[in-house]
Amino acid sequence: GRAGSVSVLGYGDADPRREVRRLLLALRMAIVVEGGDRGPALTLVGHEGAVLCLRFNELGTYLVSGGKDRSVRLWNPRRGTLIKTYQGAHAHEVRGVAVSQANDKIASCGGDRQVFLHDVSTGRVLRRFKGHDTKDVNAISFARETKDSVLFSGGYDATLRAWDCRSSSAEAIQVLRSFKDSVTSVATCGHEVIAGSVDGAVRSFDVRTGRVVTDTLHPPVTSVSLSSDSQCVLVGVLDDKIGLLDRSSGDLLAQYKGHSNSKFKLDSVLTHDDAYVISGSEDGRCFLWDLVESTVAQSFQANEVGTALAALAWQPEGDCLVTGAARGDIRVWKGCG
């Protein structure tokens, strides 16, 4: 219920500063929508096909993208500049990217059955991890608890695999096979890894104890992302809904509706202060919901009408939304003037 979502995420009358911050964010978001009418603040041009994945580094100073053109690109989104292009590793599209906490490594996955680890400064491929049984590797995430020495990937072969970035071995150090269908999304928290699957479930694995917790939503799960305190997980599913789950109990705290999502994998995320839920839509619009009220706060046309908005990211500790377009450009929507 509503009280549960307020309690779990720390919203309450006891902290007026939190409410002030939320109101200020709402004012900034209003400018984002106004910007939606005028167009993005910046456009990053470089990809030669659809942008399939976007990820900020932990501080939000850099953006990494991957796309249909088989390249990984590093950007400065504030200046609108391309810093470096990583090409040659992938023979197929790039479906997932991740940035190490030290900003010295980028991991990528896609239609190659492999996971690649790139040196940020030199562009050299440091590791090529092999083992996924089918072509598409859909999602990737560093395990922060291991200081990014372990990397998790999920794929079409219905497995979640762990890779040792310090080892010279190309083989997975752990393979989790609890899934009944493709793994679409991965997030990590402490010693746990959370994964969503087309089989309609979100599974949390404790890699120390081997304990598995399964929350079944029934429609195919295409996106999982954590709240800032990691107590909740935001889950996108293929029935035009996004759910907010309490990780400790599995309770559904809230649902967010209004966008269109029944065919494609679309990103859904929380803003850095958990005030808003953001998602793309298959009609090309971007939707923002008030997290507590579950109501649509704003929406605007981020992509061409009828072109699904699949890839997006919110800047950590910032006020910047980025969205990926089918024609290859990345649009930067600023939350403040």
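See the structure above.
What you see is a predicted model, and the numbers here were worked out from it, not measured in a lab.

**Q** Could you give an account of the side chain of Gln315, with specific residues and numbers?
**A** With respect to the helices, strands and loops of the structure, Gln315 is situated in the loop between β26 (312-314) and β27 (320-324). Of note is the side chain of Gln315, whose polar atom sits 3.4 Å from the backbone nitrogen of Asp319. With residues up to four places along the chain from it excluded, the contact list for Gln315 reads Phe56, Gly60, Arg78, His272 and Cys320.

**Q** Explain the sheet that holds strand β8 (residues 114-119) to me, using residue names and the numbers behind them.
**A** Reading across the sheet, the four strands line up as β6-β7-β8-β9 and stay open at both edges, with antiparallel pairing between neighbours. Two strands lie at the open edges of the sheet, namely β6 (94-99) and β9 (125-130), each paired on one side alone. Put simply, the sheet's adjacent strands are angled 20° from each other on average, direction ignored. Across five bridges, β8 lies against β9 in antiparallel orientation.

**Q** A description of the environment of Asp164 should follow, citing residues and the corresponding values.
**A** Summarising the element assignment, Asp164 is placed in strand β12 (residues 160-164). According to the relative accessible area criterion, Asp164 is buried, its value standing at 16%. Separated by 16 residues in sequence, Asp164 and Asp148 have C-alpha atoms that sit 9.1 Å apart. Setting aside chain neighbours within four positions, we find Asp164 in contact with Phe129, Ser149 and Ile173. Only 2.9 Å separates the side chain of Asp164 from the backbone nitrogen of Arg166, close enough to count as a polar contact.

**Q** Describe the nonpolar core, naming the residues involved and giving the relevant values.
**A** Core analysis: the largest hydrophobic core is formed by 14 residues, its most contacted members being Phe152, Leu160, Phe179, Val186, Val193 and Phe205. At the level of secondary structure, the elements contributing two or more residues to this core comprise β11 (150-155), β12, β14 (183-189) and β15 (192-197). Val186 has contacts with Ala139, Ser141, Phe152, Ser153, Gly154, Leu160, Val193, Ile194, Ala195 and Val224, leaving out every residue within four places of it along the chain. One finds Leu244, Leu270, Phe287 and Leu291 within the second-largest nonpolar core, a separate group that totals 13 residues.

**Q** An account of the sheet that holds strand β1 (residues 42-44) is requested, with residue identities and associated values reported.
**A** The four strands are arranged β1-β28-β27-β26 in an open sheet whose pairing can be described as antiparallel. The open sheet has two free edges, formed respectively by β1 and β26, since each of these has just one partner strand. Put simply, the sheet's adjacent strands are angled 20° from each other on average, direction ignored.

**Q** Lay out the pattern of salt bridges in plain terms, naming residues and giving numbers.
**A** Enumeration over the complete set of coordinates arrives at 18 salt bridges. Here Asp104 makes a salt bridge to Lys105, at a shortest N to O gap of 3.0 Å. Classification of Asp104 by relative accessible area gives partly exposed; the value is 33%. A residue is classified by how much of its surface remains accessible, and Lys105, at 25% relative accessible area, is partly exposed. Bridged by salt links that share partners, the residues Glu304, Arg327, Asp329 and Arg331 form one connected network.

**Q** How would you explain the packing of aromatic side chains if you had to name every residue and give the values?
**A** Tallying each qualifying case throughout the model produces five aromatic pairs. An aromatic cluster is defined as three or more aromatic residues linked by ring pairs; in this entry it consists of Tyr256, Phe287 and Trp289.

The rules behind the values
Residues numbered from 1 in each chain as written. Predicted model: local features only at pLDDT ≥ 70, side-chain atom pairs only at ≥ 80, totals over all residues. Heavy atoms only, no water. Helix = DSSP H or I, 4+ residues; strand = E, 2+ residues; numbered from the N terminus. Polar contact = N/O pair within 3.5 Å; in protein donor to acceptor, adjacent residues only side chain to side chain. Contact = heavy atoms within 4.5 Å. Pairing = 2+ DSSP bridges. Axes fitted to C-alpha atoms, helices over the stretch in contact; angles between N-to-C directions. Buried < 20%, exposed > 50% of the residue type's maximum accessible area, 1.4 Å probe, protein only. Core = buried A, V, L, I, M, F, W, Y, C linked by side-chain atoms within 4.5 Å. Salt bridge = Lys/Arg side-chain N within 4 Å of Asp/Glu carboxyl O. Phe/Tyr/Trp six-rings, centres within 6.5 Å; stacked < 30°, edge-to-face > 60°.

Read these as spatial facts, not as claims about activity.
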